[in-house]
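This is what each chain is made of:
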Amino acid sequence: MDLKKIFERYNYPILITNDNLEAIFLNSKFRSLNGYDIIIDKIRDYYNENIENEFFIIDIKELKKVYRVVVSRINDNIVFTLEDKTNIESFLNKYFTLNSIINQAPFGIIITDIRGNIVFVNYGFEKLSGYSFDEVYGKNPRIWKTDYQNKTFYENLWDTILSGKEWKGEFINRRKNGELYVDESIIFPFFDEEGKIVEFCAIKQDITELKRLERNLVQNEKLVAMGRFVHNIAHDMKNILTGIYSLTDYLRTKGDENNPDSKIIKQIHKYVEVLKNFTSSLKNLGKDDFYGVTEVDLCSFIKEVTSFYSRLVGKNIKFTVKFNKCCDIYINQNHLEQILLNLIINAKDAITDKFGTKSGGEIVVGTDIIDDNVVIFVSDNGKGIPAEVLEKIFSLSFTTKIDGTGVGLTIVKNIVENYEGKIEVESEEGKGTTFKIILPLSSCKREIVF
């Protein structure tokens, strides 16, 4: 039988060479290939490098072609059979490119089956959640859920995606290390050729920082608006107080030291001075005011002002000063007075709400140096703050008092943050509250240890 006639009818391009790789036969399929002479040269080159293999792949960039070449021997001849793999190679390249894009995407991607069990996650999700693919494969996304979303929330989600629609929303989820984060998600179904839902895909992004910035923006806008309102009131108040201050100052300098009324005048003078400083700070609500920053002996300053505040809170409340460690700090004295005044008045009100006019209440004001921070604390054994209220107390205009303005703690927080510090609060309902003003130790000039 003439093999060449058989090969001529073959559906694949055929090249037959001798042992020296000289072409002795090309079937019509091979001869019809564009640039077949280039292909022959490539076959020779690849065969010399892969002589022991039954097949090899040649990638001919000049022709934008990829062939799988199967090698066989008939007598003393070598038969090369070509299979065009260009489309498959192109598909694989696109697949691996797409897979690379998905894995390197800066957001999390999850694919689940129809029951919600995870079948795929990308590297972005692993970075977002802290869970590896092996740890979540076959499991339900509920492993990182929190109680911030209720049953109705999830029922709405499932009703939406099972109806074939896209769902958009936010979760508060928990990373593997226990940290909470805000997860903005888009979840949508995948359909088969018959239009039946077979899988779900979720695209997830961590927007925790964005939400924090949004809250700060809203807070700042409220602060500026309230600042304008308070500024106008404070301006009028200060004019009145300046007049009273001038009169008491005159009476104080002209009065007889032995006259009992002189002590009262001095006390009124001091009250008015404190109110003037308080009014000044109200005028600067929402602004960064570092004018008047001086070196202040923190402990001496607190002793001086709290001797006045102790009389302000009344005889029924025990007032204690406790210095663990202290230092000289750089701060505007008016700011420091406002911090203490607001916190002590709040403590007094909390104690009055619990004890009324009876004794038993106590306020402790003190200082410490902890973990490279200067700490000023004000503690009371008053009624405490409910847990559901605690996170709102620094919000502008929020108050639990009937006659409260909701400005005091906002002022304190604003002042403290202007000094790159922070304010913390610990409270237990029925037992009391502790506010801590934490300032960086860099604000100290020298430390004083007691």
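Everything that follows concerns the structure shown earlier in this document.
Rules used throughout
Residues numbered from 1 in each chain as written. Predicted model: local features only at pLDDT ≥ 70, side-chain atom pairs only at ≥ 80, totals over all residues. Heavy atoms only, no water. Pairing = 2+ DSSP bridges. Helix = DSSP H or I, 4+ residues; strand = E, 2+ residues; numbered from the N terminus. Axes fitted to C-alpha atoms, helices over the stretch in contact; angles between N-to-C directions. Buried < 20%, exposed > 50% of the residue type's maximum accessible area, 1.4 Å probe, protein only. Core = buried A, V, L, I, M, F, W, Y, C linked by side-chain atoms within 4.5 Å. Contact = heavy atoms within 4.5 Å.

### Observations concerning the sheet that holds strand E15 (residues 373–380)
In sheet architecture, strand pairing relies on hydrogen bonds along the backbone and comes in two forms, parallel and antiparallel. Taken together, the 5 strands give an open sheet; going across it, the order is E12-E14-E15-E17-E16, and neighbouring strands pair in mixed fashion. Edge positions in the sheet fall to strand E12 (317–323) and strand E16 (422–428), since each of these pairs with one other strand and no more. Averaged over all neighbouring strand pairs, the angle between strand axes comes to 15°, with direction disregarded. By the bridge criterion, 8 bridges tie E15 to strand E17 (residues 432–440) in an arrangement that is antiparallel.

### A look at unusual backbone geometry
Phi is positive for Lys 64, close to 55°, though the residue is something other than glycine. In this structure, Lys 64 sits in the loop between strand E3 (55–60) and strand E4 (65–74). Phi at Asn 75 takes a positive value of approximately 55°, unusual for a residue other than glycine. Its place among the elements puts Asn 75 in the loop between E4 and strand E5 (77–84). Asn 75 gets classed as exposed once you look at its relative accessible area, which sits at 71%.

### Regarding the pairing of E16
Here 7 bridges tie E16 to E17, and the two strands are oriented antiparallel to one another. Residue pairing across strands places Ile 423 opposite Ile 437, the latter belonging to E17. Counted between consecutive antiparallel strands, the loop separating E16 from E17 contains 3 residues, among which Gly 430 sits at a positive phi close to 90°.

### Focus on the nonpolar core
Formed by 45 residues in total, the largest nonpolar core has its most connected members in Leu 340, Ile 344, Ile 363, Phe 435 and Ile 437. Filtering out sequence-adjacent residues up to four positions away, Ile 344 remains in contact with Thr 306, Tyr 309, Val 313, Phe 319, Ile 363, Val 365 and Val 378. Core analysis: the next-biggest nonpolar cluster, separate from the first, contains 19 residues, Ile 40, Tyr 47, Ile 60 and Ile 78 among them.

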